[in-house]
Structures are given as structure tokens and as C-alpha cells.
Amino acid sequence: MMYLNDLDFSEEVIKDFKENIPELALEKLEEEKDTVETNIRYLKDLGVKNYVDAFVKFYNMFLMNPKSFDEIFSKYDRDDLIAKLEKNVAIMEYL
């Protein structure tokens, strides 16, 4: 999970994350690190400031094919989406 360091995740967040998700999920996130990293970068580049929280809470979404991930977010107004995600990252569950 060291690739998360390059995406500005703190050591503490990474440690807590690794301690609180199933081993199988960790393995999958490591196997699919290129996909996960692409999807995290997408949110980060979109301007979502709380992308770390989004990943920690909805890490399974970040295993999606990057094209599908992009399609989920691109159908919404960018500024409105960012504002809503920053107010309540839990809306990701309903996108």
C-alpha cells in the first residue's frame, strides 16, 4: 500500500486503513494498485479535496475499471459534485 504515500496519504491514515479492512481486500487493492491509483488521481485531479476520506470509506469503488469510475462522476456538474462530496463524502455510495 506504499503507493498511497505518493498520493499524499499520511502514514497514520495508511496504517489505520490497513488495520481496519479485511486481508483479502488489502490483497486486492495491492494487486490492482494501478487501477486504484488511477481512480484516486481522477478524484484528486477533479478537485475533490477529501479524496482520502472517500477512499478510506469506499475503497471497493476504487477497484472499478477507470472508464466506469470516470463515467460515474462525469455525469454530474463538476462544481456541484465537488461541493456535495466535500460536505458529505457518503454520497459516493449513491452515485
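Please refer to the structure higher up on the page.
Here's a quick rundown of the structure. Please read these numbers as outputs of a predicted model, since none were measured by experiment.

## Things to note about the nonpolar core
In this structure, L43, F55, F62 and M92 are the most contacted members of the largest nonpolar core, which totals 32 residues. Taken together, the elements giving at least two residues each to this core come down to α1 (11-20), α2 (23-31), α3 (33-46), α4 (51-57), α5 (66-74) and α6 (78-87). Not counting residues within four places of it along the chain, the set of residues in contact with L43 comprises V48, Y51, A54, F62, F69, F73 and M92.

## Structural notes on the pattern of salt bridges
One pass over the full model with this rule turns up 7 salt bridges. The salt bridge involving K15 is made with E19; its shortest N-O contact spans 3.2 Å. Of this pair, K15 and E19 both sit in helix α1, 4 residues apart, which is roughly one turn of the helix. A salt bridge links R41 to E37, with the shortest nitrogen-to-oxygen separation between them at 2.9 Å. A residue pair is termed a helical-turn pair when its members lie 3 or 4 positions apart in one helix, as R41 and E37 do in helix α3 at 4 residues. The exposure class of R41 is partly exposed, given its relative accessible area of 34%.

## As for the packing of aromatic side chains
Counted according to the given criterion, the structure contains 9 aromatic pairs. Ring centres 5.5 Å apart and planes at 80 degrees place the aromatic pair F17 and Y59 in the edge-to-face group. On the criterion of sequence distance, the pair formed by F17 in helix α1 and Y59 in the loop between α4 and α5 is long-range, its members being 42 residues apart. Here Y59 falls in the buried class, since its relative accessible area comes to 15%.

Rules used in this analysis
Residues numbered from 1 in each chain as written. Predicted model: local features only at pLDDT ≥ 70, side-chain atom pairs only at ≥ 80, totals over all residues. Heavy atoms only, no water. Core = buried A, V, L, I, M, F, W, Y, C linked by side-chain atoms within 4.5 Å. Buried < 20%, exposed > 50% of the residue type's maximum accessible area, 1.4 Å probe, protein only. Helix = DSSP H or I, 4+ residues; strand = E, 2+ residues; numbered from the N terminus. Contact = heavy atoms within 4.5 Å. Salt bridge = Lys/Arg side-chain N within 4 Å of Asp/Glu carboxyl O. Phe/Tyr/Trp six-rings, centres within 6.5 Å; stacked < 30°, edge-to-face > 60°.

Just geometry here; none of it tells us what the structure is for.
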